[in-house]
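# Analysis of the macromolecular model
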Amino acid sequence: MDPKSLASSFVENSSLALEQSRTTAEERLRKQSEQLKGLCFELCLGSGTATELINDVVLRNRIDIVVVGTRGTEGIKKLLLGSTAEAISREVRCPVLAVGPHVERTGPGPNLARILLPTDLLSDCSEAVRYATSLAREYKAHLSFLHVVAVTQLPPPADIRTLK
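Overview of the structure. (Residues numbered from 1 in each chain as written. Predicted model: local features only at pLDDT ≥ 70, side-chain atom pairs only at ≥ 80, totals over all residues. Heavy atoms only, no water.)

### Examining the overall build of the chain
Short version of the rule: Under the DSSP-based scheme used, a helix requires at least four consecutive residues in state H or I and a strand at least two consecutive residues in state E, with every element numbered from the N terminus. For every residue, the accessible area (1.4 Å probe, protein chains only) is compared with the maximum for its type, and the residue is labelled buried under 20%, exposed over 50%, or partly exposed between those bounds. Only heavy atoms enter the contact rule, under which two residues are in contact if any of them lie within 4.5 Å. Accessible surface is estimated by sampling points in the Shrake-Rupley manner with a 1.4 Å probe; for residues, cover comes only from the protein chains shown.
Helices and strands together make up the secondary structure of the chain, namely six helices and four strands. Listing the helices and strands of the chain from first to last along the sequence gives α-α-α-β-α-α-β-β-α-β. A total of 164 residues make up the chain; the buried ones form 15% of that total. Long-range contacts, defined as pairs at least 24 residues apart, comprise 63% of the intrachain contacts of the chain with a sequence gap of at least 6. In the structure as shown, the chain presents an accessible area of about 13600 Å², 54% of it carried by carbon and sulfur atoms.

### Describing the pattern of salt bridges
What counts is decided by this rule: Throughout this description, the term salt bridge denotes a Lys or Arg side-chain nitrogen within 4 Å of a carboxyl oxygen of Asp or Glu.
Inspection of the entire model under this criterion finds three salt bridges. Note that D56 is salt-bridged to R60, the shortest N-O span being 3.1 Å. Of this pair, D56 and R60 both sit in helix α3 (residues 50-61), four residues apart, which is roughly one turn of that helix. Of the charged contacts in the structure, one is a salt bridge between E127 and R130, with a shortest N-O distance of 2.2 Å. Pair noted here: E127 and R130 are both in helix α6 (residues 126-139), with a separation of three residues, about one helical turn.

### Description of the side chain of S33
For S33, the location among the structural elements is in helix α2 (residues 14-34). The buried category is assigned to S33, whose relative accessible area is 18%. Those residues in contact with S33, other than ones at most four positions away along the chain, are F41 and L43.

### A word on the packing of α3 against helix α5 (residues 84-91)
For the record, the criterion: Fitting a line to C-alpha atoms yields each axis, with helices limited to the stretch in contact; the angle taken between N-to-C directions then spans 0 to 180 degrees. The labels follow the angle: roughly parallel below 35 degrees, roughly antiparallel above 145, roughly perpendicular from 65 to 115, and oblique for the rest. With the far helix as reference, a near helix turned anticlockwise by less than a right angle produces a left-handed crossing, and one turned clockwise produces a right-handed crossing. Just so you know the grouping, Ala, Val, Leu, Ile, Met, Phe, Trp, Tyr, Cys and Pro go in nonpolar, Asp, Glu, Lys and Arg go in charged, and all remaining residues, Gly too, go in polar.
Two elements in contact, α3 and α5, have axes separated by 9 Å at closest approach and are oriented at 40 degrees. Judged by the angle between their axes, α3 and α5 are oblique. Where α3 crosses over α5, the handedness of that crossing is right-handed. Contact residues: A50, T51, I54 and N55 in α3; T84, A87, I88 and E91 in α5. Taken together, the residues of the contact of α3 with α5 break down into four nonpolar, three polar and one charged.

### As for α6
What counts is decided by this rule: The span you would expect from a helix comes to 1.5 Å times its residue count less one.
Its 14 residues give α6 an end-to-end C-alpha distance of 20 Å, which sits within 8% of 20 Å, the value for a rise of 1.5 Å per residue. Taken from the residues just after α6, K140 is the one with a positive phi, measuring 50 degrees.

### Section: α3
Convention followed: Comment: arc refers to directions from the helix axis out to C-beta atoms.
The end-to-end C-alpha distance of α3 is 16 Å, a good match for the 16 Å that twelve residues give at a rise of 1.5 Å each. When α3 is considered as a whole, its buried residues turn out to be T51, N55 and V58. Buried residues along α3 cover an arc of 60 degrees about the axis, so they all sit on one side. Taken together, the buried residues of α3 touch β1 (66-69) and α5. Immediately beyond the C-terminal end of α3, within one or two residues, lies R62, with a positive phi of roughly 50 degrees.

The structure is reproduced here in structure tokens:
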């Protein structure tokens, strides 16, 4: 829960809005816990920005990977709201898996038979390369590198070619 955003929405009743938000969040967490039966889990509720709270939990609990959902916001809404998933991936010290709103689950767990690593080959993506190759080895998966060229640099290719 971000008390700053709540306070700006309800200046006069910010403490009441914060309390109501906390109560709603606690109810949602309790409902979520019903779906987690049989797992070792911990439910956390905090107050602050998403990146601050997530980074704190990652550091305190030695988290190995953060899985975060995205809403697929576009246009002016994305510009104004920013990308929480992107902010998290810049701040935390472990890999962040962003799961978009159109992802279909295909089985009981992750099926990592094919992994795609998009790169512009300009920015330093050495950590992403190391992580992707590590996953490919662990899951005996096929790893595809996709060189993405910004339209401002060269015209986009008519099709995608596989290099052998």
